[in-house]
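Structural features, examined
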Amino acid sequence: MATYNISVEGTSNPAIKKFQADQFLVNHNSYEFKNIDEAANSPLAQQLFYLPFVKTVYIAQNFVAIEKYNIVEWIDVQQEVANQVEDYLNDNGLVIIEDVAAKKIPVTVYAESTPNPSTIKFVANKKLVTTSFEFKSIDDTANAPMAKALFHFPFVKEVFFDENYISVQKYDMAEWDEVVTETREFIRDYIQDGKEIVTAEQLKTPQQVDAIAEEKFETLDDVSKEIVNIIEEYVKPAVASDGGNIVFKHYDEKTQNVSVILQGACSGCPSSTFTLKNGIENMLKQMLPGKINMVEAING
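Residues numbered from 1 in each chain as written. Predicted model: local features only at pLDDT ≥ 70, side-chain atom pairs only at ≥ 80, totals over all residues. Heavy atoms only, no water.

The name given to the protein chain in an unreviewed UniProt entry is Iron-sulfur cluster biogenesis protein NfuA, with Dokdonia genika as the source organism. Annotation of the protein chain in UniProt includes, under Sequence similarities (unreviewed entry), the sentence "Belongs to the NifU family." (UniProt positions renumbered as here; feature names shortened; annotations may be inferred.)

1. Here's the deal with the pattern of salt bridges
Per the counting criterion, the structure on display carries eleven salt bridges. Among the salt bridges present, the one from Glu-32 reaches Lys-34, with a minimum N-O distance of 3.2 Å. Residue Lys-34 is classed as partly exposed on the basis of its relative accessible area of 37%. A salt bridge links Arg-188 to Asp-189, with the nearest nitrogen and oxygen atoms 3.1 Å apart. A relative accessible area of 35% places Asp-189 in the partly exposed class. Several salt bridges converge on common partners, so that one network encompasses Glu-134, Lys-136 and Glu-158. (Salt bridge = Lys/Arg side-chain N within 4 Å of Asp/Glu carboxyl O. Buried < 20%, exposed > 50% of the residue type's maximum accessible area, 1.4 Å probe, protein only.)

2. Describing the side chain of Gln-169
Tracing the backbone shows Gln-169 in strand E10 (residues 165–170). Look past the residues within four positions of Gln-169 in its chain and what remains in contact with it is Asn-116, Ser-118, Thr-119, Phe-155, Val-156, Lys-157, Glu-158, Gly-264 and Ser-267. (Helix = DSSP H or I, 4+ residues; strand = E, 2+ residues; numbered from the N terminus. Contact = heavy atoms within 4.5 Å.)

3. A few points about the sheet that holds strand E3 (residues 31–33)
As summarised here, the arrangement of the five strands in space is E1-E2-E5-E4-E3, forming an open sheet in which the pairing is antiparallel. Edge positions in the sheet fall to strand E1 (6–10) and E3, since each has one partner strand and no second. Strand-to-strand twist in this sheet, taken as the mean axis angle between neighbours without regard to direction, amounts to 20 degrees. Helix H2 (residues 74–90) rests against E1, strand E2 (16–21) and strand E5 (63–68) of the sheet, and its axis sits at about 30 degrees to E2. (Pairing = 2+ DSSP bridges. Axes fitted to C-alpha atoms, helices over the stretch in contact; angles between N-to-C directions.)

Laid out in structure tokens, this is it:
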């Protein structure tokens, strides 16, 4: 039997703390409980409501979040709560009884344009995956039921998942004005129904994702590590906001050439390959003087 470990994380709301697990607690649904009566289908939430300062309990894929009343400060009680949640889980305590109706947090999805006119970014109000996935065709979707379902739309060319959004690239046979509403509603309903996004074999907790990335990072040479850190800090956030992703591929010490892979909305974009290549190239040359010759941007 796997052992749960719980860590405490702050949020943008000082009244709410997240108690993050290193394993998944529920599948794709999120739950909100305002009181012990609403928590009839969650023995874990019911137990937490016995703490007099607990105002609201939220349960998502790999964390429990608690909003408190002002009668206590989190610094005084957060470790006690973390220990209680950890002990409960390790004693085989039930998180959610799925066959009892729950008050689920409504799913909202909005469509956002990207620099690539063929690609729209569909953003959800909940986390969908913990690492990125790219699908070039339906053949790539054996472990991704949601991507497979999207490819049943004849206009869908490529699909990209990351965190809380899905980028969909279309063929020229359709205009986004004609199909964007249908696509958005399909994605919203799919998530709302709690259907499987990727299979259990593909699911990873944030801790597992970080461990894999750290292990790969440690195999790189020193210059490659510097390049990866620059991309992660300065490039990826901007690229993600446009529905895309950039992945470091290789650094050649002899030629001083860098290869990166463009994914999502960036892949196949008429302007992004040139813009990103030159933007990244100039940034790397400035921040790593004498170590960079050129950057090659490859569509994923």
